[in-house]
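# Understanding the architecture of this molecule
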Amino acid sequence: MSRMRLFPRWVLFVSVLGVVASLFAAGDARAERRKNPLDDQPAVRHRLLLVKNRFELTPLFESTINADFRHILGGGAKLEYHLSDMLSLGAIGVYSTSLDTGLVEKIVKTLETDPDDMTREPSQGEFNAHLNDMPVHGAAFVSLTPWYGKLAAFSAAFVNFDFYFQAGVSYAQLKSSCGANLCDDANPDPASPMFDNNPNNDPPLNDGTKIGLYLGGGIHVFMNEFIALDLTVRDYAFADNPSGADFNADLAVTDDDSRFLHHLFLGAGISVMLPPGAKRTP
Amino acid sequence: MRSIHWKSLLIGVLIAAIGPSASLRTGYDSAEAQPKKGKDKGKKEEPKKEEPKPEGADEGEIEMGGDEKPAPDQGAAGGAAGAEGGVQEGEIEMEGEGAEPSLEQDTAAASTEAEGPVKATQVTEAKLSWQDIVVVIRKPFLKVRRTELYPFVSTTVNDNIIRHYSVGGQFNYFLTDVLAVGVEGQYYQSEFREPFDLVARQARRLPTVNKYNWSGALDFHYVPVYGKFAVLDKHIITWEAYFTAGIGATESQVVERDKKFPGFKNILITPNLGGSMRFFLFKWLTINMGVRDYMFVDQFEPTERTAAENATAEEAKKHSDGSFINNVMFQIGVSFWFPTSFEYTTFR
């Protein structure tokens, strides 16, 4: 007995297609309803643009962190232009003086007072004269400011702040002053037939201009719309031999004793944003 | 009374007619549309009158976000909105991101409620203004009566001869939201830095160095600073800064210059001071980082050690050289909070 067909096959097919399509459509509609309309919105509206399209001029103070032989302390300035609220270009320059670290003070007082070629240790004068200073240093950099916010201190002071990260090219002018009375070895090259196996009377070879890598990270704490406290950790990395002594144990001071070193500084400054008025986001 | 009845009836009919989808939109709309235009909707926008800003808020600044969660008084509709908004259990609800009350609406409601009695008793209508509102910003993370378990790693930042690494933990109990008492412990490992070898090789001097084995302390924490920041203009993260002061003990050990002569250990009274930051990720998890200065008078190996002088550890310790040390360490870790959630005891 043949079964009676209630609907033609094409009606069934179209019905199934319709049901599937409507299910998809319903799913899309639900997904549309579930989508949070704030997803594509900025985190803060009517935000005060404290840096965008403004110059930043910062008189600053800098000091090395954890220097091995000499602390470098100095003052300088940073000039930066903020292309947007996240991206800026800038340059920094610092004039510095130096102070011996505690390690140097401990070592020097135990060294012999006058040079003695019969011993392997440097004299106090030789040790000090080989150390270098950094009278000028600086950098040109690109800065990214991905974080901004506000904070409350002691429930009384409410201030804006932002965090920034910088990368660029560093520059340093190094200086050492070992006179002819101490650094009198005219043939410090180990290959020279006149080689004396004494690195203490070799010229330190740790002065001159150095170009390297610059990295930094810091925070602006805004006192008002145009003045901010600027705290930064900066790394000026370049080839250096701060002790000016024999590093690779070949009993001579040569250019091979220089190595790529990080010079970490902590900086504090007052940033002045120009023009003084800040705009707001929509 | 009669007017209240017909209004209730009207509201009931409207809710039934519009259904839950309207409730969903209400949640988002109210979050998007601050400050509310209210009655001015559709009218030409006029320059805004300056209003006194709430304490701690930038004038006109509006924070956006998708973490809105219903306030308890929003009822079932709000609950549906919260569920649709994708709020996960344990996520931190941000102040200003949820459905915020509107001053105009509240004012209008107050006026409407006042209408009946005013007519009956001839009481003058009281207008609300921003000055009548006390703004208390609700913190997105509560710590009071909660316990923080903070495992961390740390490293020395101010010693150019020897660098210490440590693994440690803190166990802090918050007496209030800004004050905590806790204990901490650390186990240290050390390595010599470049100058240790350089001094020996270049200056022919063996540095006198101590290494640290362990330390422990009783600490007090105070949180004076809290804030929030936006990351890439998309995500808002709250954070706080806190100071720590404590006292404890550190064990240091002499690194012998000459292995023929034994070293010795010291137990040192160690006050500490520090500053740290805490970033709130969930109701039960934060990321902490900070700097701590552990201060003590360490006892170092005496300069002269021969077979006749300071040969034993006891003699050497007796004639050791004391020196005040600031052992500054950078610490970073993840904190787990117990109980893992918290309840607000005040209204938004």
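A brief report on the enclosed structure follows. Computed from a predicted model, the values in this text were never measured in an experiment.

### Concerning the overall build of chain B
Of regular secondary structure, chain B possesses six helices and nine strands. Of all 348 residues assigned to chain B, the portion counted as buried reaches 28%. Long-range contacts, defined here as pairs at least 24 residues apart, represent 67% of the contacts in chain B between residues at least 6 apart.

### A short note on the pairing of strand β5 (residues 209-231) of chain B
Looking at chain direction, strand β6 (residues 133-153) of chain A and β5 of chain B are connected through seven bridges and run antiparallel. Directly across from Ala 152 of chain A, in β5 of chain B, lies its bridge partner Tyr 226 of chain B. Relative to β5 of chain B, strand β4 (residues 179-192) of chain B runs antiparallel, the two being bridged by nine bridges. Its bridge partner being in β5 of chain B, Leu 179 of chain B is matched across the sheet by Tyr 222 of chain B. Bridge count between β5 of chain B and strand β6 (residues 235-255) of chain B: 20 bridges; the pairing is antiparallel. If you follow Tyr 212 of chain B over to β6 of chain B, its bridge partner there is Ser 252 of chain B.

### Here we look at helix α5 (residues 194-202) of chain B
Because an α-helix packs 3.6 residues into every turn, residues spaced three or four apart end up facing the same way. Of all the positions in α5 of chain B, only Pro 195, Leu 198, Val 199 and Gln 202 of chain B are classed as buried. End-on view of α5 of chain B: buried residues confined to an arc of 100°, all on one side of the axis. Residues of α5 of chain B that are buried in the fold lie against α2 (102-108) of chain A. Two residues or fewer after α5 of chain B comes Arg 204 of chain B, characterised by a positive phi angle close to 55°.

### Focus: the nonpolar core
Judged by nonpolar contacts, the single largest core of 23 residues is most densely connected at Phe 69, Ile 107, Ala 139, Ala 172 and Tyr 236 of chain A. Put simply, the parts of the chain that give this core at least two residues each are β5 (87-100), α2, β6, β7 (157-175) and β9 (227-240) of chain A together with α5 of chain B. Apart from the residues within four sequence positions on either side, Tyr 236 of chain A is in contact with His 137, Ala 139, Ser 170, Ala 172, Gly 212, Tyr 214, His 263 and Phe 265 of chain A. Listed in part, the nine residues of the second largest apolar core include Val 44 and Tyr 148 of chain A together with Ile 236 and Trp 239 of chain B.

### Structural notes on unusual backbone geometry
A cis amide bond links Leu 274 of chain A with the next residue in sequence, Pro 275 of chain A, at an omega value of -5°. Residue placement: Pro 275 of chain A occurs in the loop between β10 (259-274) and β11 (279-280). Cis geometry is found at the peptide bond from Phe 338 of chain B to Pro 339 of chain B, where omega equals -5°. Mapped onto the fold, Pro 339 of chain B is located in the segment after β9 (321-338). Positioned with a positive phi, Arg 204 of chain B is a non-glycine residue whose angle comes to about 55°. By secondary structure assignment, the location of Arg 204 of chain B is in the loop between α5 and β5.

The rules behind the values
- Residues numbered from 1 in each chain as written.
- Chains lettered and ligands numbered in written order.
- Predicted model: local features only at pLDDT ≥ 70, side-chain atom pairs only at ≥ 80, totals over all residues.
- Helix = DSSP H or I, 4+ residues; strand = E, 2+ residues; numbered from the N terminus.
- Buried ≥ 20, exposed ≤ 12 C-beta atoms within 10 Å, placed from the backbone.
- Contact = placed C-beta atoms within 7 Å.
- Pairing = 2+ DSSP bridges.
- Arc of directions from axis to C-beta.
- Core = buried A, V, L, I, M, F, W, Y, C linked by C-beta atoms within 7 Å.

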